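Here is what each chain is made of, one letter per residue.
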Amino acid sequence: MMPSFERIGIIGGGPAGALAATQLACAGREVLLFDEKLAWEKPCGGGLTDKALAQWPFLRDAQVERNWIADCELTAPSGRRVRFALDRQIAIFSRLALNGLLLDRARDAGAALRQGRVLQIDESGGGWAIRTANGNYSADFVVIASGARSSLRTRFTAALGPENFMVAAGYYIPGNHHTVQIKFLEALHGYIWIFPRADHFSAGICGRMQGKSTSELRRTLEDSLPEFGLNLDGARFYAHIIPSLAPDALRNSSFAGNGWAMIGDAAGFVDAITGEGLYYALRSAELLSEALLAGAPEQYSPLVKKDFLPELEHAARIANRFYGGEWMGGSVLERMIKLTQRSASFREIMRDLFSGAQEYSDLRQRVYEKLPRIAMEAVMSKLWTTLGRRVAGRQSNLGSLEA
Ligand SMILES: Cc1cc2nc3c(=O)[nH]c(=O)nc-3n(C[C@H](O)[C@H](O)[C@H](O)COP(=O)(O)OP(=O)(O)OC[C@H]3O[C@@H](n4cnc5c(N)ncnc54)[C@H](O)[C@@H]3O)c2cc1C
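Every value quoted in this text rests on a predicted model; they were computed, and no experiment measured them.

For the protein chain, the helix and strand inventory stands at 12 helices and 19 strands. For a compact globule of 403 residues, the expected C-alpha radius of gyration is about 22 Å, and the protein chain comes in at 23 Å, within 12% of that figure. Summarising its shape, the C-alpha atoms of the protein chain cover approximately 95 × 45 × 40 Å along the three principal directions. Considering only contacts within the protein chain whose residues lie at least 6 apart along the sequence, 70% involve residues at least 24 apart. Roughly 18,000 Å² of accessible area belongs to the protein chain as shown, and the carbon and sulfur atoms make up 51% of that amount.

Of all residues adjacent to the ligand, which total 38 residues, the nearest are Asp-35, Gly-45, Arg-95, Val-118 and Asp-265. Within the side chain of Asp-265, an N or O atom sits 2.6 Å from an oxygen atom of the ligand. Backbone polar atom of Gly-277 to a nitrogen atom of the ligand: 3.0 Å apart, as the coordinates give it. Breaking the shell around the ligand down by element, the ones donating at least two residues are α1 (15–26), β2 (30–35), β13 (190–196), β15 (236–243) and α7 (278–293). The leading source of residues in the shell around the ligand is β15, at four residues. Its residues assigned to classes, the shell around the ligand comprises 17 nonpolar, 14 polar and seven charged. Shared between two domains, the shell around the ligand takes at least three residues from each, and those domains are domain 1 (7–46 + 94–159 + 249–314) and domain 2 (163–243).

Structurally, Ala-169 is set in strand β11 (residues 165–174). The exposure class assigned to Ala-169 is buried, which follows from its relative accessible area of 1%. Sequence spacing of Ala-169 and Pro-43 is 126 residues, and the spatial spacing of their C-alpha atoms is 8.5 Å. Once residues lying within four places of it in the same chain are set aside, the contact partners of Ala-169 are Ala-203, Gly-204, Ile-205, Thr-214, Leu-221, Phe-237, Tyr-238 and Ala-239.

Looking at the secondary structure, you find Asp-362 in the loop between α11 (344–355) and α12 (363–402). A sequence separation of 254 residues divides Asp-362 from Asp-108, and the C-alpha atoms of the two residues are 40 Å apart.

Before going further, it helps to spend a moment on the sheet that holds strand β9 (residues 135–139). One key point about sheets: their strands pair by backbone hydrogen bonds, in either a parallel or an antiparallel sense. Strand order in the open sheet made by the three strands is β7-β8-β9, with antiparallel pairing throughout. Two strands close off the open sheet at either side, each with one partner strand: β7 (118–124) and β9. Strand-to-strand twist across the sheet, computed as the mean angle between neighbouring axes with direction ignored, equals 20°. One ladder, built from five bridges, connects strand β8 (residues 127–132) with β9; its direction is antiparallel. Each bridged residue has a counterpart across the sheet, and for Thr-132 the counterpart in β9 is Gly-135.

With that settled, the discussion passes to the domain arrangement of the protein chain. As assigned here, the protein chain comprises domain 1 (7–46 + 94–159 + 249–314), domain 2 (163–243) and domain 3 (324–388). Each of domain 1 and domain 2 has a C-alpha centre, and these two points are 27 Å apart. Surface buried jointly by domain 1 and domain 2 totals about 1,400 Å² across both partners, of which 59% is contributed by carbon and sulfur atoms. For the domain 1 face of the interface with domain 2, the top three residues by lost area are Pro-43, Gly-45 and Arg-149, together amounting to 32%. Our enumeration of links across domain 1 and domain 2 arrives at one salt bridge. With a shortest N-O distance of 3.0 Å, Glu-41 and Arg-197 are connected by a salt bridge. Looking at the side of domain 1 that touches domain 2 residue by residue, the class counts come to seven nonpolar, six polar and five charged.

Calculation notes
- Residues numbered from 1 in each chain as written.
- Predicted model: local features only at pLDDT ≥ 70, side-chain atom pairs only at ≥ 80, totals over all residues.
- Heavy atoms only, no water.
- Helix = DSSP H or I, 4+ residues; strand = E, 2+ residues; numbered from the N terminus.
- Rg over C-alpha atoms; globule rule 2.2 N^0.38 Å.
- Contact = heavy atoms within 4.5 Å.
- Areas by Shrake-Rupley, 256 points an atom, 1.4 Å probe, with all protein chains shown as cover.
- Near = heavy atom within 4 Å.
- Polar contact = N/O pair within 3.5 Å; in protein donor to acceptor, adjacent residues only side chain to side chain.
- Nonpolar A, V, L, I, M, F, W, Y, C, P; charged D, E, K, R; others polar.
- Domains from an automatic or database assignment.
- Buried < 20%, exposed > 50% of the residue type's maximum accessible area, 1.4 Å probe, protein only.
- Pairing = 2+ DSSP bridges.
- Axes fitted to C-alpha atoms, helices over the stretch in contact; angles between N-to-C directions.
- Buried area = accessible area lost by both parts, 1.4 Å probe.
- Salt bridge = Lys/Arg side-chain N within 4 Å of Asp/Glu carboxyl O.

This is how it looks when you write it as structure tokens:
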């Protein structure tokens, strides 16, 4: 007989754990969710793409504080800067608000929420014994949704080396506007972001764990804040890690087994280029719930491998080239920003990348198909800029002759 997995223990009440709890409890499962802090301001940008908002419309419709972003500004390592309008808005949430919203939905669906740290998980009588500081609980199936920093992962699968992580440091700074700002730096596999939320900014920097230390990143961010018009008055510091799995680790890591599964950051489901993890946390929760409710938890891995793992593998394969490689005789980052500035067709591709509509898998093909047009637009734009400068120069010469 197939095990029914009636009692499900979920460790972690971030976006992944909370959405899984909601979907399983809605379908009548007995769900026990543990989180040491419940809703909290987890270090994060808090940016949700249009793709995520379309997949889970309650995130768009919910009456919680968030900021809608209509513009994006990119700065290249050389200082070249481009600003463009987004055709589909990004929503930026504080994580306290986002986690609170998701946990309220889980509670309303009938999940029991327990605040406390899970210390140990042991096999027991065909199921699991979950040990916390406040007591012991049992479950037929355990979901590990305890994020990137949790050591619970290693109870079930091999530990990940430092090459599979980025470090991130940042500040919450009072203030607000409606433009997302991203700055790339020379020799940094990562970037600075300024994400404006409802009443403050999440300003941060991330880089490969084996590259720069957290204090070096912090200093670089602090030095850069004035160029964004920001300072540290009233700011609150944060630091965390972001999974950024190497292609082999993504391919070979196991994220499910007999009576257990991992979702979200605990499984390493984050885009290795952008650090975007919220979409994948929610999507993995949804796929696991689907498999469990079909009475086929073994289907979770194949569903992930079909649904989004190829996209994450693609990001992992091209991440080094994105940050440090060359394209058409210059650095990829410089070229990308120059073309965004000069070509409407290239800007369209960038807009689709920011909305989540453009996947990495067919990005190359789309760019190459559009390349003649992109090149023509770039040449014309350069020509107009040069002509504009000449005309302006002549006018000012005439002006000084007349004076
Ligand atoms: C600085 C930074 C900026 C980011 N910006 C973005 C962004 O703008 N957009 C985006 O899409 N992604 C972003 N990410 C990634 C995103 O934050 C994560 O992918 C996302 O939070 C993953 O959700 P999760 O539910 O898997 O894990 P988490 O959100 O980490 O939740 C895990 C939960 O488990 C709990 N927990 C851990 N251990 C235990 C235990 N032993 N017992 C009980 N509870 C436990 C924790 O309290 C926590 O609430 C960013 C990450 C960082 C670090």
